[in-house]
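# Report on the structure
Letter by letter, the chains look like this.
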Amino acid sequence: MIDWSDVVAPLVVAGGGILALLLDAFGTRRSWRRSGIVSFLALVAALVVLLSPSRPDGLQQALGVLVVGGTLLVVLAAAVMEHEDSMPPGELHFLLLVSASGGLSMVLARDLATLVVSLELLSLPSIALVGLRRGDVDAARGAWTFFVVSVVSTAVTLLGIAFVYGVSGTLVYDELALRLSASRAPAEVVGAAVVLTVVGLLFKLGAVPLHLWVPGTYRGASVPVAAYLSVVSKAGAAGALVLLLPDAFGLQGESWRPVVAVAAALTLVVGNLGAWVQDDVVGLLAWSSIAQAGFVLAPMAVLTTPGVASAPIRYLAVYALANLVAFGVVGLVRRRWGGTSMAHVAGLVRVEPWTGSALVLALLTLAGFPPAVIGLVAKYVVLEPLLDPRFGTPYAWLAVVVALNVVVGLVYYLRLVAVVVGPVGPRLAGSTVSPSPPRAVVVARTAVLVPAAALVVTSVQPDLLLSWIP
Amino acid sequence: MSAVVAAVLLPLLVGGGLVLSGGRVPGRVAALAGAATTVVSAALVVAAWAASGRGEVAGEVDAAWIEAIGARWHLGVDGISFPFVLMTLLLGLLCCVSLVDHAPAGDGPPSALVGLVLVVVGAALGVFSSLDLLLFFVFFELALVPMWFVVARWGDGEGRSRAATRFLVFTVTGSALMLAGFITVGRLAGSLQLTDIAVLRVLVTGPVGMFAAVTILLGLAVKTPVWPLHTWLPDAHGSAPTVGSVLLAGVFLKLGTYGLLRVWLAVVPQQAEVLAPALATFAVVGIVWSALACLRQTDLKRLVAFSSVGHMGFVVLAVASASPLGVSAAVLGSVAHGVVTGLLFFVAGALRRRYGATSWEALGRGLWLRTPRTAGVLAFAAIASLGLPGLAVFWGELLTLRALYEVGPVLGRPLAWTLLAVAALGVVLTSAYVAALLRRVLQGVPTPDDRDGELAGSDVPVVAVLVAATVVLGVAPGLVLGVVEPDLLAVLGGVR
């Protein structure tokens with residue numbers, strides 16, 4: 001039997017994507033506005049469905065809002081690409097929305113079959129999104145890497161799911177918990193099945209050692225698509241993990257908990273070291289988003305009983321807002337000044353006070369430093385479960401790793417902040433290479449300033465965000 | 001809104017506004033506005049203090065803030081924090097006054113520098129008046145980024161950016177660990193309110209409690225700094241602009257010593273008793289080491305920077321004694337160091353502006369005869385710094401040594417008296433380097449220089465106020481001690 005209340009929102013999103021594609025294909029001329037408005041309306045409709053009070057599970061609702069809201073901001077930010085001849089609007093919106101509907105079903109899924117189908121629905125269009133820009137070698141290369149690693153990790157996950165089904169005879173989360181521990185299969189086999197299943201999700205999250213696709217893919221993709229990958233794709237994977245680990249594999253904690261803890265620690269260290277040496281803003285954000293995934297992953301190591309999953313999701317929500325702002329600003333800069341190197345943002349605060357300040361705020365949030373109090377509170381939130389004496393603090397070492405990585409992150413974020421508020425560089429002093437049509441810039445700027453305003457408000461009153469995620 | 005909250009927020013808002021104004025406000029106007037802001041803040045705090053009774057928290061506010069993690073908007077000023085608050089506002093005021101005439105050149109408009117100074121002052125006020133651990137931490141970190149900009153943008157010399165980043169990395173590493181400690185305490189005690197933890201601190205026990213105590217201590221020891229975690233200090237203080245050095249030494253280091261009293265000794269007293277002997281030992285090593293390092297310095301600014309490690313060693317020693325006398329000595333020593341080192345850095349800054357550097361070669365010899373008044377102030381400050389009776393620093397050090405002599409509840413007699421002997425040796429060595437400084441710079445055959453000249457402009461009132469404060473604290477230490485005494489239990493309630 002189908003529970004339609006769960007399916008409506010993903011269907012609305014996917015339907016909107018298909019409509020956008022058709023309108024674009026049969027229109028007389030290419031129009032960004034037509035497919036963009038259809039996508040926007042479909043996503044708003046999905047948000048309304050998600051926020052209707054009939055949905056009982058607050059965590060899944062919050063995750064769904066995160067996925068749809070993130071996509072909404074990406075669609076708005078993508079308006080900067082209007083009139084870029086190599087970027088077809090219909091296809092872009094179609095792929096974005098279909099992929100988002102995959103991400104949405106992923107966080108609404110309650111069984112492994114739905115999960116793996118959603119994972120594919122999330123992945124395949126996003127591979128196409130990366131390679132979408134016509135005639136761009138970097139894009140094709142990024143998409144190809146992404147594709148190969150994606151296929152391998154999905155295959156591993158499928159293998160794991162096959163094992164899980166083999167030893168338990170079910171794919172439904174709520175039944176798996178008991179069936180797996182009642183299984184007569186050796187504990188090692190059950191453990192291996194569980195860990196293999198988790199691997200595919202760790203890949204989507206960009207966790208080390210499955211992170212190598214991230215930098216090349218983000219740099220090859222257009223900036224809004226990179227924003228999409230770093231926020232919506234990650235939210236889907238993190239959401240699925242947060243539901244799957246305690247609900248389905250809660251009694252198998254001994255097998256996956258060390259894996260998640262070590263992956264989190266490695267992800268933090270490797271991501272931060274990678275970001276440290278970047279001199280391109282997108283490269284820096286790509287590597288730093290690997291490290292940020294480590295912050296999301298760390299508290300999952302102590303996810304035990306169902307219902308204590310708020311810490312990773314709260315962190316993810318803050319990260320999503322900040323990262324969308326950062327990528328949005330970089331997208332604007334790239335469109336107007338034709339690049340994303342450090343030189344292209346030198347003195348941005350003086351040239352573009354509003355978007356420049358928004359970028360500074362986003363970077364301080366990602367670093368977790370006042371005046372971006374919400375970023376600091378997010379760090380607090382992920383450290384808290386690791387140091388909870390009720391769990392006997394077996395992962396206090398991970399808390400120390402997390403704390404030290406805050407320091408590394410601060411150094412490179414602050415280095416970028418210093419460039420952004422510093423003297424105006426020759427790039428920004430010169431004229432814009434591409435005077436975007438005012439409308440597109442206004443829309444894209446809105447997509448930056450709205451989440452930036454949210455960061456300001458939640459820095460004063462963090463409860464507005466935290467209490468909303470149960 | 002409570003007067004204390006207004007006093008904290010006012011410098012933050014005015015400072016933030018000046019930073020964001022991007023140079024549209026002329027530097028002198030900004031500096032005068034900054035000075036007025038600190039005066040208003042001071043008036044608010046003093047009014048709140050006068051309106052409250054002894055032994056209670058002045059201007060206390062306790063409102064819901066982040067219910068999701070149990071953090072509250074909980075601020076107030078008591079006898080431990082009041083001296084720190086007043087010292088911060090005094091130094092903030094003098095920094096702004098000094099910027100009226102002597103704004104350093106840097107990569108940014110002077111109004112932004114005034115704004116950053118105000119943000120640092122406001123953040124420090126927030127630390128001193130926070131009664132919630134997370135709020136304490138937010139303000140503790142809020143001061144960092146502005147300070148980094150002050151050193152990196154307005155500092156002297158080539159190494160300023162490196163020095164600023166090293167300072168940032170050291171202190172943030174410490175404070176990130178401290179955050180882990182705070183969270184652990186919060187989970188163990190079930191509350192982040194310092195007032196609750198004071199009642200519930202028996203719950204903070206076991207290895208988890210020790211983890212919390214060690215991480216919090218590490219964070220504060222970097223900030224204070226305690227030898228051997230001080231290596232960020234000389235470069236940062238040496239390369240900062242004058243107001244940066246004054247704020248670093250006068251206010252920033254006090255965040256560490258105040259934290260040792262308020263969120264270490266008071267929060268994890270049982271663990272503090274175990275760690276105190278080690279802490280005290282590091283403190284006396286720091287005293288002797290700093291005096292030896294000062295003997296080798298050939299630059300006035302770096303000498304003053306190194307001497308801070310020794311002064312802070314005395315304060316940490318006082319904290320580690322965990323006795324009522326020790327706590328009083330720690331507060332008095334912190335305030336006195338802020339005033340005297342502030343004076344030294346202002347004089348060094350004036351000399352640097354005149355001669356381009358503060359190395360012995362640049363200053364030349366015979367300053368007594370070349371610029372007698374400036375030389376007199378320098379001599380006064382240096383002698384105050386070595387602890388001459390009747391001047392500010394003397395009482396903090398004397399009370400510290402007496403706390404050791406009387407053997408508090410924590411340190412055993414053999415250890416306490418050994419520490420006493422070594423610290424006394426440190427005092428002797430301090431006299432040696434101060435004497436060396438006076439002989440090298442003030443005496444000798446004068447080497448006249450075209451740039452010779454006395455203190456001028458807004459330096460005159462700044463120096464006059466600090467000289468007066470040094471004398472007042474030296475003659476009447478009871479002004480501070482009388483404020484601290486009724487609230488000693490707020491720090492020592494958990495020590496046996």
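Residues numbered from 1 in each chain as written. Chains lettered and ligands numbered in written order. Predicted model: local features only at pLDDT ≥ 70, side-chain atom pairs only at ≥ 80, totals over all residues.

Let us now look at the overall build of chain A. In terms of regular secondary structure, chain A is built from 20 helices and 0 strands. Residues counted as buried form 61% of the 470 residues belonging to chain A. Counting only contacts in chain A whose residues sit at least 6 apart along the sequence, the fraction spanning at least 24 positions is 78%. (Helix = DSSP H or I, 4+ residues; strand = E, 2+ residues; numbered from the N terminus. Buried ≥ 20, exposed ≤ 12 C-beta atoms within 10 Å, placed from the backbone. Contact = placed C-beta atoms within 7 Å.)

We now examine the overall build of chain B. A count of helical and extended segments in chain B gives 22 helices and 2 strands. The C-alpha atoms of chain B give a radius of gyration of 21 Å, which matches the 23 Å a tight globule of 496 residues would have. Projected onto its principal axes, the C-alpha coordinates of chain B cover approximately 65 × 55 × 40 Å. Of all 496 residues assigned to chain B, the portion counted as buried reaches 65%. For chain B, contacts bridging at least 24 residues in sequence account for 81% of all contacts bridging at least 6. (Rg over C-alpha atoms; globule rule 2.2 N^0.38 Å.)

The next point concerns the confidence of the model for chain B. In this model, chain B carries an average pLDDT of 88, and 98% of its residues clear a pLDDT of 70 or more. Both confidence scores are given for the complex: pTM 0.91, ipTM 0.88. (pLDDT = per-residue confidence, 0-100.)

With omega at 10 degrees, the peptide bond leading from Pro370(A) into Pro371(A) counts as cis. Checked against the element boundaries, Pro371(A) lands in the loop between helix 15 (353-367) and helix 16 (373-386). Of the consecutive residues Thr224(B) and Pro225(B), the connecting peptide bond is found in the cis state with omega at -10 degrees. As for its position among the elements, Pro225(B) is in the loop between helix 9 (206-223) and helix 10 (233-239). The backbone of Ala322(B) shows a phi angle near 55 degrees, a positive value even though the residue is not glycine. Here Ala322(B) shows up in the loop between helix 13 (300-321) and helix 14 (324-355). Since 24 C-beta atoms lie within 10 Å of it, Ala322(B) is described here as buried.

All right, on to the packing of helix 3 (residues 81-101) of chain B against helix 20 (residues 459-475) of chain B then. Helices that pack against each other are described as a pair by the angle of their axes relative to one another and the distance between those axes. All names here are of chain B. The contact between helix 3 and helix 20 brings their axes to 8 Å, and the two run at 160 degrees. It follows from the interaxial angle that helix 3 and helix 20 lie roughly antiparallel. Crossing geometry of helix 3 relative to helix 20 is assigned as left-handed. Between helix 3, through Leu-94, Val-97 and Ser-98, and helix 20, the contact on the second element is made entirely by Asp-459, Pro-461, Val-462, Val-465 and Leu-466. Taken together, the residues of the contact of helix 3 with helix 20 break down into 6 nonpolar, 1 polar and 1 charged. (Axes fitted to C-alpha atoms, helices over the stretch in contact; angles between N-to-C directions. Parallel < 35°, antiparallel > 145°, perpendicular 65-115°, else oblique. Left-handed = near helix turned anticlockwise from the far one by under 90°. Nonpolar A, V, L, I, M, F, W, Y, C, P; charged D, E, K, R; others polar.)

A common way to state how big an interface is: give the accessible area lost once the parts meet. Contact residues are listed per partner, giving 27 residues for chain B and 32 residues for chain A. When residues of the side of chain B that touches chain A are traced back to their parent elements, those giving at least two are helix 5 (133-142), helix 6 (144-154), helix 7 (160-189) and helix 9 of chain B. Sorting elements by how many residues they give to the side of chain B that touches chain A places helix 7 of chain B first, with 12 residues. For the side of chain B that touches chain A, the residue count by class is 19 nonpolar, 4 polar and 4 charged.

If you check helix 14 of chain B, its first and last C-alpha atoms are 46 Å apart, about what 32 residues at 1.5 Å a residue would give, namely 46 Å. Where burial is concerned, most of helix 14 of chain B is hidden: 27 out of the 32 residues are buried. (Expected span 1.5 Å × (residues − 1).)

Turning our eyes to something else, we now look at the packing of helix 13 (residues 310-337) of chain A against helix 19 (residues 438-460) of chain A. Residue and element names in this part refer to chain A. Relative to each other, helix 13 and helix 19 sit at 150 degrees, their axes nearing to 9 Å. With respect to helix 19, the element helix 13 is oriented roughly antiparallel. Helix 13 and helix 19 meet at a crossing whose hand is left-handed. Across the interface between the two elements, Leu-321, Ala-322, Leu-324, Val-325, Gly-328, Val-329, Gly-331 and Leu-332 from helix 13 touch Val-441, Ala-444, Arg-445, Ala-447, Val-448, Pro-451, Ala-452, Ala-454 and Leu-455 from helix 19. Class assignment of the residues belonging to the contact of helix 13 with helix 19 gives a composition of 14 nonpolar, 2 polar and 1 charged.

Right, let's talk about the environment of Ala50(B) for a bit. Mapping Ala50(B) onto the fold places it in helix 2 (residues 27-51). Sequence-wise, Ala50(B) and Leu332(B) are 282 residues apart; in three dimensions their C-alpha atoms are separated by 21 Å.

Turning to the environment of Gly36(A), a few remarks are in order. Residues and elements named next belong to chain A. The topology assignment puts Gly-36 in helix 2 (residues 32-51). Gly-36 sits 16 residues away from Ala-20 along the chain, and the two C-alpha atoms are 7.4 Å apart. With residues up to four places along the chain from it excluded, the contact list for Gly-36 reads Val-75, Ala-79, Pro-89 and His-93.

With that settled, consider helix 16 of chain A. Here helix 16 of chain A contains 14 residues, and its C-alpha end-to-end distance of 21 Å stays within 8% of the 20 Å for a straight helix at 1.5 Å per residue. Most of helix 16 of chain A sits inside the fold, with 14 of its 14 residues counted as buried.

What follows is about the pairing of strand 2 (residues 71-77) of chain B. All names here are of chain B. Within strand 2, 6 of the 7 residues are buried, leaving the element largely enclosed by the surrounding structure. Relative to strand 2, strand 1 (residues 58-66) runs antiparallel, the two sharing 6 bridges. Considered in strand 2, the bridge of Ala-58 is made with Val-77. Adjacent in sequence and paired antiparallel, strand 1 and strand 2 are bridged by 4 residues, among which Gly-70 carries a positive phi angle near 80 degrees. (Pairing = 2+ DSSP bridges.)

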